[in-house]
Amino acid sequence: MVVKRSVLILNFGSQYVQLIARRVRELGVYSEIVPYHISHEEVREKNPYCLIFSGGPASVYEQDAPLPKPELYNLNIPILGICYGLQTIVHQLGGMVKRSQKQEYGRAKLRVLKEDPLFEGLPREFDVWMSHADKAVKLPENFLSLASSENSPYAVIKHKSKPIYGVQFHPEVAHTQYGKELLANFLFRVSNAEKNWEMGNFIEEKIEDIRQEVGKGKVICALSGGVDSTVSALLTYKAIGKQLHCIFVDHGLLRKGEVEEVEGYFRKMGLPFQRVDAKEVFLQRLKGIEDPEEKRRLIGHTFIEVFEKEAKSFGAEFLLQGTLYPDVVESAGIPGAKVIKTHHNVGGLPERMNLRLVEPLRELFKDEVRMVGRLLGVPEEVLMRHPFPGPGLAIRILGEVKEEDLEILREADYIFIQELKKWGLYNKVWQAFAVLLPVKSVGVMGDVRTYERVVGLRAVDSSDGMTADWSRLPYEFLDHVMRRIINEVKGVNRVVYDISSKPPATIEWE
Ligand code: XMP
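Residues numbered from 1 in each chain as written. Predicted model: local features only at pLDDT ≥ 70, side-chain atom pairs only at ≥ 80, totals over all residues. Heavy atoms only, no water.

**Observations concerning the overall build of the chain**
Looking only at helices and strands, the chain has 15 helices and 18 strands in total. Based on the C-alpha atoms only, the size of the chain along its principal axes is roughly 80 × 60 × 40 Å. A total of 510 residues make up the chain; the buried ones form 56% of that total. Intrachain contacts of the chain at a sequence separation of at least 6 include 75% that bridge at least 24 residues. Accessible surface, the chain as shown: approximately 23600 Å² in total, 49% of it carbon and sulfur. Here the chain contributes 68 positively and 70 negatively charged side chains, and the mean placements of these two sets differ by 2 Å. (Helix = DSSP H or I, 4+ residues; strand = E, 2+ residues; numbered from the N terminus. Buried < 20%, exposed > 50% of the residue type's maximum accessible area, 1.4 Å probe, protein only. Contact = heavy atoms within 4.5 Å. Areas by Shrake-Rupley, 256 points an atom, 1.4 Å probe, with all protein chains shown as cover. Lys, Arg positive; Asp, Glu negative; His and termini not counted. Charge placed at Lys NZ, Arg CZ, Asp CG, Glu CD.)

Below is the structure:
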């Protein structure tokens, strides 16, 4: 693989670290997130255009505060410190950082004091987004202030002769006016970075990489119908054709019409796959199981069994997975990075079967995967599909999974999703679905007392599923969906809407 020159982003635990990496890529330059304690030898070896120190929750003067290796300042590689990143520069090079009397959160007016390539093409005053409790109170020798805000005389600082900069605000967030332009100036005017990141090129390069990596070997992949597995399969198919074997396991826990829908998409894209009907074995094993973790475990094991059989008969040596960059960053154990549940549907398989992993999307963010998908001709409906959990409807039926309950849930969920699409709301919410509760409640329909099941509707706004808020769907819409579900789905007499955020709740009910 050709190693690209990149912008290295040192991660001090900021919630915005991935956003910085994405902004740099949006500007056309490849970026990587690395641990803050990266050694100067490693940096030199990577030969980056520049370094960006991210923000972070710590205070530089605390014991054990994360600080970069001081040798980095002598490499003559341009550095931009953002927020906590600015404070590390000040602290390590001999200035002083203190807890601020007036903490600065939110919008602040930035005033440019000195012309600099960093401000090329920007107005002399603009709004920036601040979020800090500490601030620089004395600059290191040889530093000067380029801009101030009401509360920070040192809102932008610079070394007098070396390309070392610091900004107290967050240029990566959308609330900062000209944030992207300022980053562009740092990349192209200060660091002489070259544009080397474009999705069209990515496809060509990746196809070549996959060919090299796989040689004449055979690759197996499990399609889920989701964006990541679809795009990685299509890309790999373009690279190695029939050496790739895709299977789509129908575990009987899919939504109404899903098998046909997904099959239709794959056919349209010209991606050959084999459907494996494993409904019976899954449902048989789930009989009598109420505990959600136990359900997940059983489904996971059964999936591996089914998949292993297929992989063996195909003679696969490689397993294709749709791992994305955020998973890579998280599993690298970078301090401050969030730890998430790993949702690998085929977890454990690679070691057990001695399969090597092919992960063509491991450098990409989700929106970049969508861009690649678009270029490869993946239909928009697939690219914009809501996430759907590997264990499927089994975790949306609380308690034991029975065939008749699957039917009820499928119908209710179908109505909800269909209406969201009709009302133009589907792409406005991040994820939406119905759950079936294991309780009955009293109702009255046509003078007759009923005692039937409760359906919960869940719709959330989120950016990555890590945190979420309930979607403020219009009352008329909810009313309409409630009416349709109770009238059309036999066995349901009550519909509730979930208004819990995550945290403290989760998105799924399980
Ligand atoms: P929670 O319920 O943890 O869900 O807030 C966060 C997101 O993850 C999805 N999810 C899964 N996705 N396999 C997956 O591929 C799984 O086992 C799984 N479990 C939860 C969930 O739908 C939500 O989008």
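**As for the sheet that holds strand β8 (residues 156–159)**
Strand order in the open sheet formed by nine strands is β2-β1-β3-β4-β9-β8-β7-β5-β6, with mixed pairing between adjacent strands. Strands at the two margins of the open sheet, each flanked by one partner only, are β2 (31–35) and β6 (125–138). Neighbour to neighbour, the strand axes of the sheet diverge by 25 degrees on average, direction disregarded. For strand β5 (residues 96–112) and strand β7 (residues 143–148), the ladder comprises two bridges, and the chain directions are antiparallel. When the bridges of β7 are listed, V112 appears paired with A147. Sheet strands touched by helix α1 (residues 17–26): β1 (7–11), β2, β3 (50–53) and β4 (79–82). Its angle to β2, the strand with the most contacts, is close to 155 degrees. This element, helix α3 (residues 84–92), spans β3, β4, β5, β6, β7, β8 and β9 (164–167) of the sheet and lies at about 115 degrees to β4. (Pairing = 2+ DSSP bridges. Axes fitted to C-alpha atoms, helices over the stretch in contact; angles between N-to-C directions.)

**Regarding the packing of aromatic side chains**
Across all of its chains, the model carries 15 aromatic pairs by this definition. Ring geometry for F303 versus F307: centroids 6.1 Å apart, planes at 15 degrees, classification stacked. Of this pair, F303 and F307 are both found in helix α9 (residues 292–314), four residues apart, which corresponds to roughly one turn of the helix. Judged by relative accessible area, which is 12%, F303 ranks as buried. Of the residues examined, F307 reaches a relative accessible area of 0% and is grouped as buried. Feature note: the residues F12, Y36, F53, Y73 and Y84 constitute an aromatic cluster, connected by ring pairs. Positioned above the aromatic ring of Y325 is the side chain of R25, whose terminal nitrogen or guanidinium carbon lies 5.0 Å from the ring centre. We note R255 situated over the ring of F388; from NZ or CZ to the ring centre the distance is 3.7 Å. (Phe/Tyr/Trp six-rings, centres within 6.5 Å; stacked < 30°, edge-to-face > 60°. Lys NZ or Arg CZ within 6 Å of the ring centre and 35° of its normal.)

**A short note on the pattern of salt bridges**
Summed over all chains, the structure comprises 40 salt bridges. A salt bridge links R385 to E258; the nearest nitrogen and oxygen atoms lie 3.3 Å apart. Taken together, the positions of R385 in the loop between α13 (380–383) and α14 (403–422) and E258 in helix α7 (residues 258–269) put the pair 127 residues apart, joining distant regions of the chain. Linking R285 and E305 is a salt bridge whose minimum nitrogen-to-oxygen distance equals 3.1 Å. Of this pair, R285 sits in helix α8 (residues 279–286) while E305 is found in helix α9, placing the two residues 20 residues apart along the sequence. Look at E305 and you get partly exposed, because its relative accessible area is 39%. One salt-bridge network, held together by shared partners, links D250, E263, R267, R275, D277 and K279. (Salt bridge = Lys/Arg side-chain N within 4 Å of Asp/Glu carboxyl O.)

**Examining the site of the ligand**
Around the ligand lies a shell of 14 residues, among which R296, Q431, K502, I507 and E508 are the nearest. In this structure, K502 approaches the ligand through a side-chain N or O atom, which is 2.7 Å from an oxygen atom. Contacts to the ligand include E508, whose side-chain N or O atom sits 2.5 Å from an oxygen atom. The protein chains hide 87% of the 500 Å² of surface that the ligand would expose on its own. (Near = heavy atom within 4 Å. Polar contact = N/O pair within 3.5 Å; in protein donor to acceptor, adjacent residues only side chain to side chain.)

**What about the side chain of S54?**
As for its position among the elements, S54 is in the loop between β3 and β4. Side-chain polar atoms of S54 contact the backbone nitrogen of F12, separated by 2.9 Å. Sequence-distant contacts of S54, defined by excluding residues within four places in its chain, comprise L10, N11, F12, G13, S14, V17, I20, I82, Y84 and G85.

**Brief notes about the packing of helix α5 (residues 199–214) against helix α12 (residues 366–376)**
The angle between the axes and the distance between the axes are what describe a pair of packed helices. Viewed as axis vectors pointing N to C, α5 and α12 meet at an angle of 75 degrees, and their least axial separation amounts to 9 Å. By the angle between their axes, α5 is roughly perpendicular relative to α12. Residues M199, G200, F202 and I203 of α5 touch α12, and the partners they reach there are E368, M371, V372, L375 and L376. (Parallel < 35°, antiparallel > 145°, perpendicular 65-115°, else oblique.)

**A few points about the environment of E26**
Along the chain, the position of E26 falls in helix α1. We classify E26 as partly exposed; its relative accessible area is 39%. At 3.2 Å, the side chain of E26 and the side chain of K180 are in polar contact.

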